[in-house]
Structures are given as structure tokens and as C-alpha cells.
Amino acid sequence: MFIHLGGEKIIRTSELIAIFDLSVEKSSKISKSFVLHAQKEKNVEVIGEEECKSIVVTKTKVYYSPISSTTLKKRTSSLLVSDIEPFSNQRSR
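Counting starts from 1 at the beginning of each chain's written sequence and moves along it residue by residue. The predicted nature of this model means local features are confined to residues of pLDDT at least 70 and side-chain atom pairs, given and counted, to a pLDDT of 80 or more, with totals for whole chains, interfaces and linings taken over all residues. By convention in this description, side-chain values take in all heavy atoms of the structure and omit both hydrogens and water.

*Asks:* Please set out the sheet that holds strand β5 (residues 54–58) residue by residue, giving values where relevant.
*Replies:* DSSP bridges decide pairing: two strands pair if at least two such bridges lie between them. In this text, helices come from DSSP runs of H or I with a minimum length of four residues, and strands from runs of E with a minimum of two, each type numbered from the N-terminal end. Strand order in the open sheet formed by four strands is β3-β5-β6-β4, with mixed pairing between adjacent strands. With one partner strand each, in any of the chains shown, β3 (16–21) and β4 (44–46) form the two edges of the open sheet. Neighbour to neighbour, the strand axes of the sheet diverge by 20° on average, direction disregarded. In terms of strand pairing, β5 meets strand β6 (residues 62–65) through four bridges, oriented antiparallel. Looking across to β6, one finds that V57 is bridged to V62. Across the sheet, helix α2 (residues 29–40) lies against β4, β5 and β6, angled at about 110° from β6, the strand it touches most. Only the contacting stretch of a helix is used when fitting its axis, a line to C-alpha atoms as for every element, and angles between N-to-C directions run 0 to 180 degrees. When checking whether two residues touch, look at their non-hydrogen atoms; a contact exists if any pair is within 4.5 Å.

Now the structure itself:
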């Protein structure tokens, strides 16, 4: 499955590691250090020109998304539930 991060950026849900509100970058030294390291490695991408609202961490990149972390989490939750349900139905047969 895929998740739309904003603009024209779509990622595979299997690549997703974490979704954070942008405020975590300012409130956590560890988060700030992580993002600075990703920037040094050139693994950061800002999506679109709108104000960033969330940070999305994948296996290979850190994205600044204009979509709120709440909205992105809802999108992933609905995708993950739909992925799990067929599997759990198959096992109970």
C-alpha cells in the first residue's frame, strides 16, 4: 500500500518508520540531532512550498510534510487495518 505525504510525494507504507508533529523537532534534542544528521547525509526532503506540519521518517529519507501528523497517522491506520484484516481472516479459516 501507499501513503500520500503531500504535493506529489507518495511512499510505500512498508518504508514508513515514524510520523512526528513538527514541534517534536524543537522540543527534543534527540530529534533535532537526528534531523541534523539526516541533513548532513542529504537525506531530507521538504515537500511542496506550504508550511511544514509534520516529519515523516522512512528507511531511506526524512520528509517535511505540509500535512498534519494527525491526518497522516489516520491515513496509515486505515491502510494498516485493511492490510491486517484479510490476513487475520485467512488465519481463522
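*Asks:* Which residues make up the pattern of salt bridges, and what values go with them?
*Replies:* Here, a salt bridge means any Lys or Arg side-chain nitrogen found within 4 Å of an Asp or Glu carboxyl oxygen. In the structure shown here, the tally under the stated rule is two salt bridges. When the shortest N-O distance is used, the salt bridge between E45 and K9 registers 3.9 Å. Note that E45 is positioned in strand β4 and K9 in strand β2 (residues 9–12), a separation of 36 residues in sequence. The classification of residues rests on relative accessible area computed with a 1.4 Å probe and restricted to protein chains. Under 20% of the type maximum is buried, over 50% is exposed, and intermediate values are partly exposed. A residue is classified by how much of its surface remains accessible, and K9, at 23% relative accessible area, is partly exposed. Note that E45 is salt-bridged to K61, the shortest N-O span being 3.2 Å. One end of the pair, E45, is in strand β4; the other, K61, is in the loop between β5 and β6, with 16 residues separating them in the sequence. Relative accessible area serves as the criterion here: at 25%, K61 is assigned to the partly exposed category. A network of salt bridges, in which partner residues are shared, links K9, E45 and K61.

*Asks:* Before we move on, can you summarise unusual backbone geometry with the specific residues and values?
*Replies:* Positive phi, normally seen in glycine, also occurs at K42, with a value near 60°. Looking at where K42 falls in the secondary structure, it is placed in the loop between α2 and β4.

*Asks:* Pulling in residues and values, what's your account of α2?
*Replies:* Its twelve residues give α2 an end-to-end C-alpha distance of 16 Å, which sits within 8% of 16 Å, the value for a rise of 1.5 Å per residue. S31, V35 and A38 are the residues of α2 that are buried. The arc that holds every buried residue of α2, seen down its axis, measures 60°, which confines them to one face. Residues of α2 that are exposed and point over 90 degrees away from its buried face: K29, I30 and K40. Packed against the buried residues of α2 are α1 (23–27), β4, β5 and β6. In the stretch just after α2, K42 is the one whose phi turns positive, near 60°. What a helix is expected to span follows from its residue count: subtract one and scale by 1.5 Å. Note that the arc is computed from the directions linking the helix axis to the C-beta atoms.

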